[in-house]
Amino acid sequence: MDLFGTAGIRGSARSRVTPDLALTVGRAAGLHADTAEFVVGRDGRETGDALEAAMAAGLESAGVDVRLVGQVPTPALAWASRGRHGVMLTASHNPPADNGIKLFADGVEYGDAAETAIEARVDDEELPVAWDAWGARERLDVIDDYRGAVVDYARGHGAPPDGLRIACDCGNGMAARAVPQTLRELGADVVALNANVDGHFSGRPSKPTPETVRDLRAFVADTDDVDVGLAHDGDADRIVVVDGDGEVVHEDTVLAVLAEHYTRASDVADPMVVTTPNASGRIDERVRAAGGRTERVRLGALHEGIASARDADGDVVFAAEPWKHIHTRFGGWIDGVASAAVLARLIADAGGLDALRDPVTERPYRKLSVECPDDAKPAIMDALGDALPAAFPDADVSTEYGVRLTFPDDAWTLVRPSGTEPYVRLYAESEDVDALVDDVRTVVEDAIADAT
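Residue numbering note: each chain is counted from 1, following its sequence as written. Residue-level local features of this predicted model are given only where pLDDT is at least 70; pairs of side-chain atoms are given and counted only at 80 or more, and the full residue set underlies all totals for whole chains, interfaces and linings. Excluding hydrogens and water, the side-chain values take into account all heavy atoms of the structure.

Quick word on the sheet that holds strand β8 (residues 165-169)
To keep things clear, this is the line we draw: Following DSSP output, two strands are said to pair if at least two bridges run between them. Under the scheme used here, helices are H or I runs from DSSP no shorter than 4 residues and strands are E runs no shorter than 2 residues, and both carry numbers assigned from the N terminus. For every element, the axis is a line fit to its C-alpha atoms; helices are fit only across the contacting stretch, and the angle between N-to-C directions ranges from 0 to 180 degrees. Residues count as neighbours in contact if any of their non-hydrogen atoms are within 4.5 Å of one another.
Across the sheet, 4 strands lie side by side as β9-β8-β10-β11; this open sheet has mixed pairing. The open sheet has two free edges, formed respectively by β9 (189-193) and β11 (239-242), since each of these has just one partner strand. Ignoring strand direction, the axes of neighbouring strands in this sheet form an average angle of 20°. Taken together, the 5 bridges between β8 and β9 define a ladder with parallel strand orientation. Of the residues in β9, the one forming a bridge with D169 is L193. Packed onto the sheet, helix α7 (residues 214-222) meets β8, β9, β10 (228-232) and β11 and runs at close to 165° relative to β10. Each of β8, β10 and β11 is contacted by helix α11 (residues 336-350), which is oriented at about 30° to β11, the strand it contacts most.

Examining the pairing of strand β20 (residues 423-429)
To keep it simple, the criterion reads: A 1.4 Å probe rolled over the protein chains alone gives each residue an accessible area, and that area as a share of the maximum for its type sets the label: buried under 20%, exposed over 50%, partly exposed in between.
Counting buried residues in β20 gives 6 out of 7 residues, a clear majority hidden from the surface. Pairing of strand β16 (residues 365-371) with β20, which is carried by 7 bridges, proceeds in the antiparallel orientation. Counterpart to R366 in the pairing with β20 is A428. Pairing analysis gives 6 bridges linking strand β19 (residues 412-417) to β20, with the strands arranged antiparallel. If you follow V415 over to β20, its bridge partner there is L426. Count of turn residues in the β19/β20 antiparallel hairpin: 5 residues.

What to know about helix α8 (residues 251-265)
The condition that has to hold: Under the convention used throughout, the expected extent of a helix is 1.5 Å for every residue step, that is, one less than its residue count.
Helix length check: α8 (15 residues) gives 21 Å between terminal C-alpha atoms against 21 Å at 1.5 Å per residue, within 8%. For α8, the buried fraction is high: 13 of the 15 residues fall into the buried class.

Section: the UniProt feature "domain: Alpha-D-phosphohexomutase C-terminal" (unreviewed entry) in the protein chain
Note the cut-off: UniProt positions are given in the numbering used here, feature names are shortened, and annotations may be inferred rather than shown by experiment.
If you check UniProt for "domain: Alpha-D-phosphohexomutase C-terminal" (unreviewed entry), the listed places come out as residues 370-440 in our numbering. Between the C-alpha atoms that bound residues 370-440 the distance is 11 Å, and the span itself is 32% helix and 31% strand.

A closer look at helix α14 (residues 433-451)
Here is the rule we go by: The directions considered for the arc are those from the helix axis to the C-beta atoms.
The end-to-end C-alpha distance of α14 is 27 Å, a good match for the 27 Å that 19 residues give at a rise of 1.5 Å each. Of all the positions in α14, only V433, L436, V437, V440, V443, V444, A447 and I448 are classed as buried. Taken end-on, α14 shows its buried residues confined to a sector of 135°, consistent with a single buried face. Residues A449 and D450 are exposed on α14 and point more than 90 degrees away from its buried face. Contacts from the buried residues of α14 go to β16, α13 (377-391), β19 and β20.

Structural notes on the sheet that holds strand β15 (residues 324-326)
A sheet is described by the order of its strands in space; here 4 strands give the open sequence β13-β12-β14-β15, paired in mixed fashion. Edge positions in the sheet fall to β13 (293-296) and β15, since each of these pairs with one other strand and no more. This sheet shows a mean twist of 25° between the axes of neighbouring strands, independent of strand direction. In terms of strand pairing, strand β14 (residues 315-321) meets β15 through 3 bridges, oriented antiparallel. Across the sheet, the residue bridging to A320 is H325, located in β15. Helix α9 (residues 281-289) contacts β12 (271-275) and β13 of the sheet and is inclined by roughly 145° relative to β13.

A word on the packing of helix α6 (residues 179-186) against α11
This is how it is decided: Working definition: roughly parallel below 35 degrees, roughly antiparallel above 145 degrees, roughly perpendicular at 65 to 115 degrees, and oblique for all remaining angles. Crossings are classed by handedness, with left-handed meaning an anticlockwise turn of the near helix from the far one by less than a right angle and right-handed meaning a clockwise turn.
Where α6 meets α11, the axes come as close as 10 Å, and the angle between the chain directions of the two elements is 30°. For the element pair α6 / α11, the angle class is roughly parallel. α11 is crossed by α6, and the crossing has right-handed handedness. Every residue of α11 that contacts α6 at V179, T182, L183 and L186 is listed here: V337, A340, A341, A344 and R345.

Have a look at this one:
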């Protein structure tokens, strides 16, 4: 059984992430864990209540004590899982009919080995522990302490955002329970939009994109005294930034700003930023300028990259992929609430968002999908490992996570197979990005034609 994707288990609450599955996964996780205590949180979806009850029952039947923390952002659940294990019931930015299960241990998402072990136990349909060894259940309130921890952490960065006016689009999700409150505690003037928790996501779709946050963009552009807009997904682990003109700031620019800040602020000899192959070269440029270096890991594996770097005595000061940031000195989880707090103080310190992003070189960027049969992907990627370097002999080549070419002017392209759909993904960033995309796409389509 293949349960886990790159972000836990996710899918329809009727056909995939059902109470039956939650019960079974809960028991398997409890039997597998090296702890007697789990915290369980959920987002605001209509199906969350039933899944919470089933998950708690499964964990208890494995002999585990359960602490139910209610509706919280995923980063708050991860924070609460420090020193124990945790389960977050969320489908993040998926539609309201979906739900999901994400497992944590000591503030870090389960890795591949632990997820494989859980899948094996689910397949084995293990029985509960003895009747007199079942766990107990109680309610626990963590949201106030989590918000306080974010405030304390953010105060170590930038300057107080006194007078900074921020429009925050909570998207009817879990950001409503943390982001406006945290920013106000730091001193910002916050206008909160879609700040009621609604499992139907009636204000806008849960995934924040330039199209879905158009109301926020219009509000920021049309309101003279709003300095910046922030938008979050359903569980508040992602963040989108909108400038004073109502334009979405490119996710890699936000990543580059934070990566440079953390590199400059560190006092270690070799500061490292971990990111993913689809992330822009502008990140490498700003990290190099600050005296650090970048390492790339596959999509969805930031926590594994951090662990690997630390095993090799590397000092990871920040880790991120587009839209998702791990503030490593705060914790090992993706945290959009912490990103909002730190960015607010960095914007205040720089004298505005434009000044903060000004050092970042923003080249034109494109991404597209090329149809490719799933069963042909391995052969096609093998062929592209030779064909792309041959077509672009001046580029440096990395084939660890797809095929990534980096050119002398810091332009780059990445070709990788989709892990969930019958496509090969193509990413490119260049001053002449359309020409680069056309040339790379020709090589990709030729490889697909030869293989199929």
